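Reading the structure
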Amino acid sequence: MKNTLTLSLQELVFDNRFIDRLPADPILKNSCRQVKNACFSFVEPTKVSNPSLVAVSTEMFEELNLDKELIHDDEFIQLFVGNTLLPGMNAYAMCYGGHQFGNWAGQLGDGRAINLGDVITRNNKRWSLQLKGAGPTPYSRTADGLAVLRSSLREFLCSEAMYHLGVPTTRALTLSLTGEKVVRDMFYDGNPEYELGAVVCRVAPSFIRFGNFQILSAQNDIENLTRLIDYTIETDFPHLDSSEEGIYLKWFKEVCTTTADMVVHWMRVGFVHGVMNTDNMSILGLTIDYGPYGWLENYDPDWTPNTTDANGRRYRFENQSQVALWNLLQLAEAIYPLINDTRPLEEILKYYRDYYQQQWNNMMAAKLGFEQSSELVEKLVEQLLKLLAEIETDMTLFYRALSEIELDDNAIMDEGLLHTVFEKAWYLPEQVNEKYLPQLQSWLVKYKECTEALDLTDSERKNRMNQFNPKYVLRNYLAQQAIDKANEDDYSMLHELLDVLRKPYDEQPDKEVFAAKRPEWARHRAGCSMLSCSS
Ligand code: AMP
Ligand code: MG
């Protein structure tokens, strides 16, 4: 029996404002080209031969009010690989540019993403549906517009995991196989192989990036730049008054705030985006474009998962807030023609620095159980980060272990006990020597002293800390194991991970295996410790 609270596909309500209000590329032929004075190009997804559904996000189904039984319908399966469109959908690829690794790259655009339209839910929320890997667009340049299962599974799983972690992110509704093979030279070393083709249906309130504004500014198309900003403020920042004087600066400040908030969350959970180019920066401060991202295992602030970034390490863990600032500066330059005064833009960028620092301090304090930061706590954090980097310490596991330790002098001085509590976070036990242990103990004593003012019991402190410190994250090697199995047609691990990562802060006693530190075999394995942009 049909659940009357949920919707069939035909009942979805679309409002494709982006294409209704913004200038379209007049050329309809799907061939690669430079697109001028337009925000998007109409393009049809490429049809595929034998699609199948691999996984869905039940939370996203609920959000869209969709009936879960739809997963059994052929129409649903065909729709989310791009074989059919619903009435009300109108497929298009966005035009944007961007700075890649610090250099202006000109036009980039949705080279393999095709927007289907915006769904308006019963709660009046806007969700753009976008297929990634559904064939070439005018922005595909020399590439094929396709995606492989390996990278699609990583995007699907990680974006949903980030959502459950409370990190602002784009979402994913479906992961499908196309039934076709795609050639990829994974390490750009002359060894191309056939991989399984896949499509993810991504979902976000908007997929607009810094680069959408940059391309219009680079073309000196101020009229359309103004239209795009006005559209964005009205559609995606409805709480701002678009007619107010100084609204563009107010809006830019808000972009700075949400971007800072996003990066603080990344630092909290140990996420490294890996390709923070300006075309990969969402105007809503959402984590977007899951490519060669990675999760910190041992706390190494210099780590970058992206092999293309191995030399300059521009996108290393510790540098993410700086890169976000650099990207915001590029956005400021792009909107400058509408402001005509550098001073207020510089002030807002300074605000970003101060705001980020303050939010980061508070976040680090919360990871240790404190309600807010203080000079004392800042010092404690500084010492802790040195300690974490001194020997190979799993960041995620360390904070959970720290929440478990009893803060009394006897416990702190009991080396055997310290080993029991922390050894799951130590990669190389031989590093835990007579030099290291006293440092840890002296830090714990200071920590104990700081927490005394809190007047919290150990269990209260633990409960508080465990809301900020996840137990389960999408460890690089776990994603790779799920990929290896999926490539053999076994999706059990993908589904199990999807399930475990729904409750990343909860103890899940029968799922401890997913909270284990990286095994030694994964230390240097491709896909586990290093990733290429090939996807
Ligand atoms: P990324 O590094 O994934 O952010 O991609 C940078 C640019 O390359 C974007 O414009 C993408 O749309 C485009 N791109 C990446 N992979 C492909 C592909 N396989 N086919 C077409 N365009 C792609
Ligand atoms: Mg991208």
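Residues numbered from 1 in each chain as written. Chains lettered and ligands numbered in written order. Predicted model: local features only at pLDDT ≥ 70, side-chain atom pairs only at ≥ 80, totals over all residues. Heavy atoms only, no water.

Looking only at helices and strands, the chain has 17 helices and 11 strands in total. The C-alpha atoms of the chain give 24 Å as radius of gyration, which agrees with the globular expectation for 535 residues (24 Å, within 12%). Expressed as lengths along the three principal axes of its C-alpha atoms, the size of the chain is roughly 75 × 55 × 55 Å. Sorting the 535 residues of the chain into buried and exposed places 59% on the buried side. Partitioning the contacts of the chain with sequence separation of at least 6, the portion at a separation of at least 24 is 71%. Element-wise, carbon and sulfur atoms account for 49% of the exposed surface of the chain, whose accessible area totals about 21,700 Å². Counting 52 positive and 77 negative side-chain charges, the chain places the centres of these two groups 2 Å from one another. (Helix = DSSP H or I, 4+ residues; strand = E, 2+ residues; numbered from the N terminus. Rg over C-alpha atoms; globule rule 2.2 N^0.38 Å. Buried < 20%, exposed > 50% of the residue type's maximum accessible area, 1.4 Å probe, protein only. Contact = heavy atoms within 4.5 Å. Areas by Shrake-Rupley, 256 points an atom, 1.4 Å probe, with all protein chains shown as cover. Lys, Arg positive; Asp, Glu negative; His and termini not counted. Charge placed at Lys NZ, Arg CZ, Asp CG, Glu CD.)

In the vicinity of ligand 1 lie 16 residues, with G109, G111, R141, G145 and N280 positioned nearest. With respect to ligand 1, the backbone of G145 contributes an N or O atom lying 2.7 Å from a nitrogen atom. Contacts to ligand 1 include R184, whose side-chain N or O atom sits 3.4 Å from a nitrogen atom. In the complex, the protein chains occlude 81% of the 480 Å² of accessible area that ligand 1 would expose alone. Classifying every residue of the shell around ligand 1 gives three nonpolar, six polar and seven charged. Shared between two domains, the shell around ligand 1 holds at least three residues of each, these being domain 1 (9–207) and domain 2 (211–366). (Near = heavy atom within 4 Å. Polar contact = N/O pair within 3.5 Å; in protein donor to acceptor, adjacent residues only side chain to side chain. Nonpolar A, V, L, I, M, F, W, Y, C, P; charged D, E, K, R; others polar. Domains from an automatic or database assignment.)

Further remarks concern the pairing of strand β4 (residues 97–100). Pairing of β4 with strand β5 (residues 103–107), which is carried by three bridges, proceeds in the antiparallel orientation. Across the sheet, H99 pairs through a bridge with W104, a residue of β5. What sits between β4 and β5 in their antiparallel hairpin is a turn of two residues, with F101 showing a positive phi close to 50 degrees. (Pairing = 2+ DSSP bridges.)

To continue, consider the domain arrangement of the chain. According to the domain assignment, the chain contains domain 1 (9–207), domain 2 (211–366) and domain 3 (382–466). Taking only C-alpha atoms into account, the centre of domain 1 sits 22 Å from that of domain 2. Of the residues lining the interface, 42 residues belong to domain 1; the matching set on domain 2 comes to 44 residues. Summing both sides of the interface, domain 1 and domain 2 together bury roughly 3,600 Å²; the carbon and sulfur share of this comes to 59%. Where domain 1 packs against domain 2, one counts two salt bridges. In this assembly, domain 1 and domain 2 are joined by 20 residue pairs in polar contact (both at pLDDT 80 or more). For the side of domain 1 that touches domain 2, the secondary structure elements donating two or more residues are α1 (17–21), β4, β5, β7 (126–132), α4 (149–165) and β9 (193–204). Broken down by element, the residue count for the side of domain 1 that touches domain 2 peaks at six residues, all from α4. (Buried area = accessible area lost by both parts, 1.4 Å probe. Salt bridge = Lys/Arg side-chain N within 4 Å of Asp/Glu carboxyl O.)

Another aspect to go through is the nonpolar core. Nonpolar side chains in soluble globular proteins tend to be buried together. Membership of the largest hydrophobic core comes to 176 residues, with the highest contact counts inside it found for F18 and F422. With near-sequence residues (within four places) excluded, F422 lies in contact with F398, A401, L402, I405, L440 and L444. (Core = buried A, V, L, I, M, F, W, Y, C linked by side-chain atoms within 4.5 Å.)

Between its first and last C-alpha, helix α14 (residues 436–452) extends 25 Å over 17 residues, near the 24 Å set by a 1.5 Å rise per residue. Among all positions of α14, only Y436, L437, L440, Q441, W443, L444, Y447, K448, C450 and T451 are buried. Lining the buried residues of α14 we find α10 (375–390), α11 (395–404), α12 (409–413), α13 (415–422) and α15 (458–465). (Expected span 1.5 Å × (residues − 1).)

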